[in-house]
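Inside the fold
Residues per chain, in single letters:
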Amino acid sequence: MLLKGERTFVVRDMGGFVAHINMPGWVNPKPRDHGHGPLAMVVESILHPGRLIAMHEHRNDEIISWVPEGVMRHEDRSKGRLVCDGDHLMVMNAGRGFWHSEETLASDPPLRMLQILVRPNAVDLEPGIQYGAMPAMTPNRWRHLVGPKGGDAPFFVRNRIDFFDIRLEAGGRAEFPFKQGCDLYFYVFSGAVLAAGQTFGEGEQGLLLSEERLTAEATSDCVMVAFLLDHRAPVTRQGTVADNRKIPPPVVIRLVKRWQGLKRLWRGR
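Read on for a plain summary of the structure. None of the values given here were measured: they were computed from a predicted structure.

With respect to the overall build of the protein chain
Tallying secondary structure elements over the protein chain gives one helix and 22 strands in all. Computed over the C-alpha atoms, the radius of gyration of the protein chain is 18 Å, within 12% of the 18 Å expected from 2.2 N^0.38 for a compact globule of 269 residues. Projecting the C-alpha coordinates of the protein chain onto the three principal axes gives extents of approximately 55 × 40 × 40 Å. Across the 269 residues that make up the protein chain, the buried fraction comes to 51%. Partitioning the intrachain contacts of the protein chain with sequence separation of at least 6 by distance along the chain shows that 75% fall at a separation of at least 24.

Below is the structure:
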């Protein structure tokens, strides 16, 4: 069964920096965790031109920075200044501690990106950062960008999860990535697709828990990302962001989802 998650209601506006926080685990009808196995959250971040997020520390987070619109200017104490854009990807393996800042210049276009939080398989691993050009994208074909350390993907995280992106042209079809023993989670960044008889628009997400093949058909030009993940993989829950103490517990979210369902039922009368 394909579960659908609507646009997130968790939005933080910090003045020129807006974060739309998507919790894969909350797509489940009765959530027990805000994440789903090693995938803790997918944050759609918007940074206005001329905005600086000052130097700060991450611990025990694996952070994928994927930038399809605008540029994100990164600085850290080991690599210095890096620029992430539509051609370059960055993965921060924070481990026991990694400091960095992010900014846009006043002359830069508005930045809209995804910051993907992955739970590593152990605490206090060696910190590091990966940065480089992404493989060329072919329309209507999935591009494999990140996978487990030691795998075939050009970038890695330290857990059993694979990350893909795609640009689907209107009317185009593509089968989602598949791996035996893995669940599928996807997020529509722009446009809309039809999958298993359901329409998924911008900011909506899907979670397929069964080992089935699934195909997406674009009803308009679409950009989306997908993850294959082993929900049984060992994870640490000590990430600075991925498992922050301010995240509401599952019991609260179950009540929220029930209330949302009652509101939809009432409006349908």
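Quick notes on the layout of surface pockets
Its volume calculated, the largest pocket comes out at about 700 Å³. In terms of lining residues, the largest pocket is bounded by 29 residues, among which Arg-12, Ala-19, Ile-21, Met-41 and Val-241 are the most central. Reported here for the second largest pocket is a volume of approximately 460 Å³. Those elements giving two or more residues to the lining of the second largest pocket turn out to be β1 (2-5), β3 (17-22) and α1 (250-267). The element contributing the most residues to the lining of the second largest pocket is α1, with five residues. Classifying every residue of the lining of the second largest pocket gives eight nonpolar, five polar and six charged.

Some points on the sheet that holds strand β18 (residues 193-195)
Sheet strands associate in pairs through backbone hydrogen bonding, adopting either a parallel or an antiparallel arrangement. Strand order in the open sheet made by the four strands is β16-β21-β18-β19, with antiparallel pairing throughout. Strand pairing shows two members of the sheet lacking a second neighbour, β16 (173-175) and β19 (198-200), which therefore form its edges. Averaged over all pairs of adjacent strands, the angle between their axes in this sheet comes to 30°, without regard to strand direction. The pairing of β18 with strand β21 (residues 215-218) spans two bridges and is classified as antiparallel. When the sheet's bridge partners are listed, Leu-194 is paired in β21 with Glu-217.

Considerations on empty space enclosed by the protein
Under the counting rule described, the total for this entry stands at two cavities of 30 Å³ or more. Taken as a whole, the largest cavity encloses approximately 80 Å³ of empty space. Around the largest cavity, the lining comprises 14 residues; the ones closest to its centre are Pro-177, Phe-178, Leu-184, Leu-208 and Glu-212. Counted by class, the lining of the largest cavity contains eight nonpolar, one polar and five charged residues.

Points about the environment of Val-71
Among the secondary structure elements, Val-71 is positioned in the loop between β6 (62-69) and β7 (72-76). Classification of Val-71 as buried rests on a relative accessible area of 15%. With 17 residues separating them in the primary sequence, Val-71 and His-88 have C-alpha atoms 9.6 Å apart. Leaving out residues up to four positions away in the same chain, Val-71 has contacts with Val-83, Cys-84, Asp-85, Thr-104, Asp-108 and Leu-111.

Digging into the pattern of salt bridges
Tallied over the full model, the rule gives 19 salt bridges. Across the pair Glu-75 and Arg-81 runs a salt bridge, and its minimum N-O distance is 3.6 Å. Look at Glu-75 and you get partly exposed, because its relative accessible area is 26%. Judged by relative accessible area, which is 61%, Arg-81 ranks as exposed. Each of Asp-33, Arg-119, Arg-237 and Asp-243 takes part in a single network of salt bridges with overlapping partners.

Scoring rules and cut-offs
- Residues numbered from 1 in each chain as written.
- Predicted model: local features only at pLDDT ≥ 70, side-chain atom pairs only at ≥ 80, totals over all residues.
- Heavy atoms only, no water.
- Helix = DSSP H or I, 4+ residues; strand = E, 2+ residues; numbered from the N terminus.
- Rg over C-alpha atoms; globule rule 2.2 N^0.38 Å.
- Buried < 20%, exposed > 50% of the residue type's maximum accessible area, 1.4 Å probe, protein only.
- Contact = heavy atoms within 4.5 Å.
- 1 Å grid on protein atoms, 1.4 Å probe; cavity = no way out; pocket = protein on both sides within 12 Å on 5 of 7 lines; lining within 4 Å.
- Points joined across faces, edges and corners; volume = space filled by probe spheres on them.
- Nonpolar A, V, L, I, M, F, W, Y, C, P; charged D, E, K, R; others polar.
- Pairing = 2+ DSSP bridges.
- Axes fitted to C-alpha atoms, helices over the stretch in contact; angles between N-to-C directions.
- Salt bridge = Lys/Arg side-chain N within 4 Å of Asp/Glu carboxyl O.

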